[in-house]
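# Close look at the chain arrangement
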Amino acid sequence: MISRRQFLLSAGTLAFIGLSRSAFGKVTLANLTDSVLAYGSLIPDSNKLLDLPAGFSYRVISQLGDKMDDGLSVPDKADGMGCIALDNERVALVRNHELSPKNIKQAATSIKLHKTPLAYDIFNDGVALPGGTSHIIYNIKEHKKEQEFLSLCGTIRNCSGGITPWGSWLTCEETVTDQADGLGKSHGYIFEVPATAKGLVKPEPLVAMGRFNHEAAAIDPRTGIVYLTEDRGDSLFYRFIPNEYGKLKNGGKLQAMAIKSTPQFDTRNWSEAIMPLHTSFDVEWVDLDEPQSPKDDLRIRGHKQGAALFARGEGVHWGNKELYFCCTNGGKKQLGQVMKYQPSEFEGKENESSSPGTMQLFVESEDKSLFNFGDNLTVAPNGHLIVCEDQYTDVVDNHLRGVTPSGDVYTFARLTAQTELAGACFSPDGNTLFVNVYSPTKTLAITGPWDSFKV
């Protein structure tokens, strides 16, 4: 189970209460007698796709093979996604497609990838590499899709990313393949896609933000600093301080996080609980040179310089003056962790060491029935986290898990299809949760009584 005994011992100001069997699975501690009802028990979906609590429903707004407005078809492997307001009624859903060169025949069949000067990279026959992003223009008042088109192509393994305060989506390549692998260019970069795109945009890799197995990005709207996760078992947690707010292509400084006074700290807790729950650690940041890392050694060099290790950093999302990110296989049982970072009031400035930012372990799972391999995540309007599970077993049982501000975990939805949920994001008005079914691609819009959460 989620480490409830540790919550009780280390919570301090936490007001922890017990968890009900229907929402949280089996509870074994005898003194936990009250219930967190959350949104109630899940109702089996007659379409056998997504089980939700009573009062909630979903609609499929896009799926693999649908004809888009540019004449192409919806690609497969929908992963990270951002929701960005265009006006009072319409949003742009910018959706990643985690396609690799090995998927090129499948992709060419489904979306007829064409020869275009707007592709970042091409295969031997001049066809764009299959990864990239697609746009869905969605009317949140009328609950309908208005337009859909491909917005970035020629990249590969576009995993997750993050929205910017200035109205764009950062899409991240989770790969370090290059010319040695038979490709035309090096990969492993971040690309920026404006929400206002009307079709394919010119791809420009943001090389100063590093070349590594990029997973996701979150931006502090006050400073414009970008925080980056890396999907590796020995990953680092990065930040990019731009030379100019909102102008990422103008360069900046890439750094990796270290725990202050404890060089090479290991947050993974694989062999022993070095990082206890809800204990804040002061941090500092290590400067990284050669961010393009042609030898794919950025994390290795950073760790040698003192940077802390994380267990497969995945989705990251900005909350209220803080951010959260998942470490997919962190913890003693390697079932997943959620980290919480609170930046310094002087973040990125010379005097930040006088009041450093802090990192803490917010959730660590000890029971796969309650939380198993958290991946993408978002912050709901009520301050809860919504976490997408992505399990690596032959038969998966993936859910959307909720996490309250106190660290209590509950089940919000269950996917019955044998794939993962990804790209969870809320509409600006907080009424609609959008989420992707990874493969075959489906994008869902979930609505319901969000204000009915019960404890």
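Calculation notes
- Residues numbered from 1 in each chain as written.
- Predicted model: local features only at pLDDT ≥ 70, side-chain atom pairs only at ≥ 80, totals over all residues.
- Heavy atoms only, no water.
- Core = buried A, V, L, I, M, F, W, Y, C linked by side-chain atoms within 4.5 Å.
- Buried < 20%, exposed > 50% of the residue type's maximum accessible area, 1.4 Å probe, protein only.
- Helix = DSSP H or I, 4+ residues; strand = E, 2+ residues; numbered from the N terminus.
- Contact = heavy atoms within 4.5 Å.
- Pairing = 2+ DSSP bridges.
- Axes fitted to C-alpha atoms, helices over the stretch in contact; angles between N-to-C directions.
- Salt bridge = Lys/Arg side-chain N within 4 Å of Asp/Glu carboxyl O.
- Polar contact = N/O pair within 3.5 Å; in protein donor to acceptor, adjacent residues only side chain to side chain.
- pLDDT = per-residue confidence, 0-100.
- Phe/Tyr/Trp six-rings, centres within 6.5 Å; stacked < 30°, edge-to-face > 60°.

Phe-237, Phe-310, Phe-325 and Met-359 are the most contacted members of the largest nonpolar core, which totals 26 residues. Going through the elements one at a time, strand S11 (214-219), strand S14 (252-259), strand S15 (281-287), strand S16 (313-318), strand S17 (323-327), strand S18 (337-342) and strand S19 (358-364) are the ones with two or more residues in this core. Ranked by size, the runner-up nonpolar core spans 25 residues in total, among them Leu-49, Leu-421, Val-435 and Ile-446.

Before going further, it helps to examine the side chain of Asn-329. Note on placement: Asn-329 falls in the loop between S17 and S18. Beyond its immediate chain neighbours, meaning those up to four positions away, Asn-329 contacts Trp-270, Ala-311, Arg-312, Gln-334, Gly-336 and Phe-373.

Our next topic: the sheet that holds S16. A sheet is described by the order of its strands in space; here nine strands give the open sequence S11-S12-S13-S14-S15-S19-S18-S17-S16, paired in antiparallel fashion. The sheet is open, and its two borders are formed by S11 and S16, each paired with just one other strand. Strand-to-strand twist in this sheet, taken as the mean axis angle between neighbours without regard to direction, amounts to 30 degrees. The pairing of S17 with S18 spans five bridges and is classified as antiparallel. Bridged to Leu-323 within S18 is Tyr-341.

Another point: the sheet that holds strand S3 (residues 57-63). Taken together, the four strands give an open sheet; going across it, the order is S3-S26-S25-S24, and neighbouring strands pair in antiparallel fashion. Looking at the sheet topology across the chains shown, the edges are occupied by S3 and strand S24 (421-426). Neighbour-to-neighbour, the strand axes of this sheet turn through a mean angle of 25 degrees, independent of strand direction. The pairing of S3 with strand S26 (residues 442-447) spans six bridges and is classified as antiparallel. From the neighbouring strand, Ser-57 faces S26, where its bridge partner is Thr-447.

Moving on, we come to the pattern of salt bridges. All chains considered together, the criterion is met by 22 salt bridges. A salt bridge links Arg-95 to Glu-148; the nearest nitrogen and oxygen atoms lie 2.9 Å apart. Here Arg-95, found in strand S5 (residues 90-97), pairs with Glu-148, found in strand S7 (residues 144-155); they are 53 residues apart in sequence, far enough to count as distant. The same class applies to Arg-95 and to Glu-148, which are both buried. In this structure, the salt-bridge partner of Asp-289 is Arg-301, at a minimum N-O distance of 2.7 Å. Linking Asp-289 in the loop between S15 and helix H4 (298-304) with Arg-301 in helix H4, this pair joins segments that are 12 residues apart in sequence. Relative accessible area serves as the criterion here: at 48%, Asp-289 is assigned to the partly exposed category. You can call Arg-301 buried: its relative accessible area is 17%. Among the charged side chains, a salt-bridge network with shared partners connects Arg-232, Asp-234, Asp-296 and Arg-299.

What follows deals with the side chain of Arg-232. Secondary-structure assignment places Arg-232 in the loop between strand S12 (226-230) and strand S13 (238-242). Classification of Arg-232 by relative accessible area gives buried; the value is 19%. A polar contact is formed between the side chain of Arg-232 and the side chain of Asp-296, at a distance of 2.9 Å. Those residues in contact with Arg-232 that sit more than four places away from it in its chain are Val-176, Asn-213, Asp-296, Arg-299, Phe-310, Ala-311, Arg-312 and Gly-313.

Attention now moves to the confidence of the model for the protein. Confidence in the prediction of the protein, expressed as mean pLDDT, is 90, and 90% of residues score 70 or more. Note on residues 1-35: pLDDT under 50 across the span, and 75 contacts to partners over four residues away in sequence or across chains.

With that settled, the discussion passes to the packing of aromatic side chains. Centre-to-centre distance and the angle between the planes together describe a pair of aromatic rings. One pass over the full model with this rule turns up 27 aromatic pairs. Judged by centre distance (4.9 Å) and plane angle (70 degrees), the ring pair of Phe-56 and Trp-450 falls under edge-to-face. A residue pair is termed long-range when its members are at least 10 positions apart, and Phe-56 in the loop between strand S2 (50-53) and S3 and Trp-450 in the segment after S26 qualify at 394 residues. Aromatic pair Tyr-227 and Phe-237: ring centres 6.2 Å apart, planes at 10 degrees, arrangement stacked. Of this pair, Tyr-227 sits in strand S12 while Phe-237 sits in the loop between S12 and S13, and the two are 10 residues apart along the sequence. Among the aromatic residues, those joined into a ring-pair cluster are Tyr-39, Phe-56, Tyr-410, Phe-412, Phe-426, Trp-450 and Phe-453.

Moving on to the environment of Met-68. Looking at where Met-68 falls in the secondary structure, it is placed in the loop between S3 and strand S4 (78-85). The residues contacting Met-68, other than those within four sequence positions of it, are Ser-73, Val-74, Pro-75, Glu-148, Phe-149 and Leu-150.

With that settled, consider the pairing of S26. With respect to burial, S26 is a largely interior element, five of its six residues being buried. Relative to S26, strand S25 (residues 433-437) is paired through five bridges, and the arrangement is antiparallel. For Phe-434, the partnering residue across the bridge sits in S26 and is Ala-445.

Turning to the environment of Pro-130, a few remarks are in order. Along the chain, Pro-130 falls in the loop between helix H3 (104-111) and strand S6 (131-139). With 226 residues separating them in the primary sequence, Pro-130 and Pro-356 have C-alpha atoms 42 Å apart.

With six of seven residues buried, strand S23 (residues 409-415) lies mostly within the body of the structure. Bridge count for S2 against S23 is two bridges, and the pairing is antiparallel. Bridge assignment links Leu-50 to a residue of S23, and that residue is Leu-415. Strand direction decides the pairing type here: strand S22 (residues 399-403) and S23, joined by five bridges, are antiparallel. For Gly-402, the partnering residue across the bridge sits in S23 and is Tyr-410. Hairpin connection, S22 to S23: the antiparallel pair is bridged by five residues, and Gly-407 has positive phi, about 95 degrees.

Residue placement: Asn-243 occurs in the loop between S13 and S14. Looking at Asn-243, the relative accessible area reads 60%, which means it is exposed. Taking the C-alpha atoms as reference, Asn-243 lies 9.8 Å from Gly-224; in sequence the two are 19 residues apart. Excluding residues within four positions of it along the chain, Asn-243 makes contact with Asn-250, Gly-251 and Gly-252. Engagement of the side chain of Asn-243 in a polar contact is seen with the backbone oxygen of Asn-250, the distance being 3.0 Å.

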